[in-house]
Amino acid sequence: DVKVTQSSRYLVKRTGEKVFLECVQDMDHENMFWYRQDPGLGLRLIYFSYDVKMKEKGDIPEGYSVSREKKERFSLILESASTNQTSMYLCASSQTQGAGETQYFGPGTRLLVL
Amino acid sequence: AQTVTQSQPEMSVQEAETVTLSCTYDTSESDYYLFWYKQPPSRQMILVIRQEAYKQQNATENRFSVNFQKAAKSFSLKISDSQLGDAAMYFCAYNCDPFAGGYQKVTFGTGTKLQVIP
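A few words now on the layout of surface pockets. Its volume calculated, the largest pocket comes out at about 610 Å³. In terms of lining, the largest pocket is formed by 28 residues, of which the most central are Gln37, Met88 and Arg110 of chain A together with Gln39 and Met89 of chain B. With three residues, strand S10 (residues 88-95) of chain B is the single largest residue contributor to the lining of the largest pocket.

Residue and element names in this part refer to chain B. Here Ala16, not a glycine, exhibits a phi torsion of approximately 80°, which is positive. With respect to the element layout, Ala16 can be found in the loop between strand S2 (10-14) and strand S3 (19-21). With relative accessibility at 46%, the residue Ala16 sits in the partly exposed group. Although it is not a glycine, Asn62 adopts a positive phi angle of roughly 55°.

What follows deals with the sheet that holds strand S8 (residues 73-78) of chain A. Residues and elements named next belong to chain A. Overall, antiparallel pairing links the four strands, which are arranged S1-S3-S8-S7 in an open sheet. Whereas interior strands pair on both sides, the edge strands pair on one side only; in this sheet they are strand S1 (4-6) and strand S7 (64-70). On average, each strand axis in the sheet is inclined to that of its neighbour by 20°, with strand direction left out of account. Bridge count between S7 and S8: five bridges; the pairing is antiparallel. Paired with Ser67 across the two strands is Ser75, which belongs to S8.

Next up on the list: the packing of aromatic side chains. Applying the stated rule across the entire model yields 15 aromatic pairs over all chains. Ring centres 6.2 Å apart and planes at 20° place the aromatic pair Trp36 of chain B and Phe75 of chain B in the stacked group. On the criterion of sequence distance, the pair formed by Trp36 of chain B in strand S5 (residues 33-39) and Phe75 of chain B in strand S9 (residues 74-79) is long-range, its members being 39 residues apart. Overall, Trp36 of chain B belongs to the buried group, its relative accessible area being 0%. Joined through ring pairs, the aromatic side chains of Phe33, Tyr35, Phe48 and Phe105 of chain A together with Tyr33, Phe35, Tyr37 and Phe108 of chain B make up one cluster.

In total, this model carries nine salt bridges over all chains according to the counting rule given. As a salt-bridge pair, Lys53 of chain A and Glu69 of chain A come within 2.4 Å of each other at their nearest N and O atoms. Note that Lys53 of chain A is positioned in the loop between strand S5 (42-51) and strand S6 (54-57) and Glu69 of chain A in strand S7, a separation of 16 residues in sequence. The class of Lys53 of chain A is exposed, set by a relative accessible area of 56%. Between Lys105 of chain B and Asp59 of chain A there is a salt bridge whose closest N-O contact spans 2.6 Å. Placement of Lys105 of chain B in the loop between S10 and strand S11 (107-108) and of Asp59 of chain A in the loop between S6 and S7 is noted, with the two residues assigned to different chains. Note on Lys105 of chain B: relative accessible area 32%, which makes it partly exposed. Taken together, the salt bridges that share partners define one network made up of Arg36, Asp38 and Arg44 of chain A.

Reading guide: rules and limits
Residues numbered from 1 in each chain as written. Chains lettered and ligands numbered in written order. Predicted model: local features only at pLDDT ≥ 70, side-chain atom pairs only at ≥ 80, totals over all residues. Heavy atoms only, no water. 1 Å grid on protein atoms, 1.4 Å probe; cavity = no way out; pocket = protein on both sides within 12 Å on 5 of 7 lines; lining within 4 Å. Points joined across faces, edges and corners; volume = space filled by probe spheres on them. Helix = DSSP H or I, 4+ residues; strand = E, 2+ residues; numbered from the N terminus. Buried < 20%, exposed > 50% of the residue type's maximum accessible area, 1.4 Å probe, protein only. Pairing = 2+ DSSP bridges. Axes fitted to C-alpha atoms, helices over the stretch in contact; angles between N-to-C directions. Phe/Tyr/Trp six-rings, centres within 6.5 Å; stacked < 30°, edge-to-face > 60°. Salt bridge = Lys/Arg side-chain N within 4 Å of Asp/Glu carboxyl O.

These values are about where atoms sit, not about what they do.
Right under this line is the structure:
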């Protein structure tokens, strides 16, 4: 079974802090994704990566950056956390670029920025 | 741009009954994929069912089936014999093969929260 893990289930940070969210997948998937989930807005794509050191902006990249130094690990970075970044963050991976590919999700990190 | 609309923020169903969750989408593509994902409370989101647009036959997975109406751009999920474990947030999603040089990007709806009443 594919396993996608996220470094924390819950995080509390202060405004202005630098925040790192880490995601690891164990199935050698090419693609990895970071989504933000907010009530009434569904899932919105922040960034995705299709290969090591490669990244593409999603729909809402402002205020975020990403890093993929190893194939299995994809990090989301909030350079200076703000209260409007309080949200649930979901990581996902998929094997290839095919449109019919299943996305495998991590358990999510619920971030509260005070 | 593709959009996915789930007009029912919440629904409820009696245990053992059948419920249908609605989803509509907008696209100018002729070939694409549609998905239903399930997110149980405090658990990971998983794929429930997938439909490829050029296949006319509706997909089924055990108690889960879809009603895919391509002309109407409608993709509803039917859950038969509902069980307590079906209680979850359900997301409808769309994806299509990218143009040359592009990358696939799944578009999700806003979700429908399903409550199962014992």
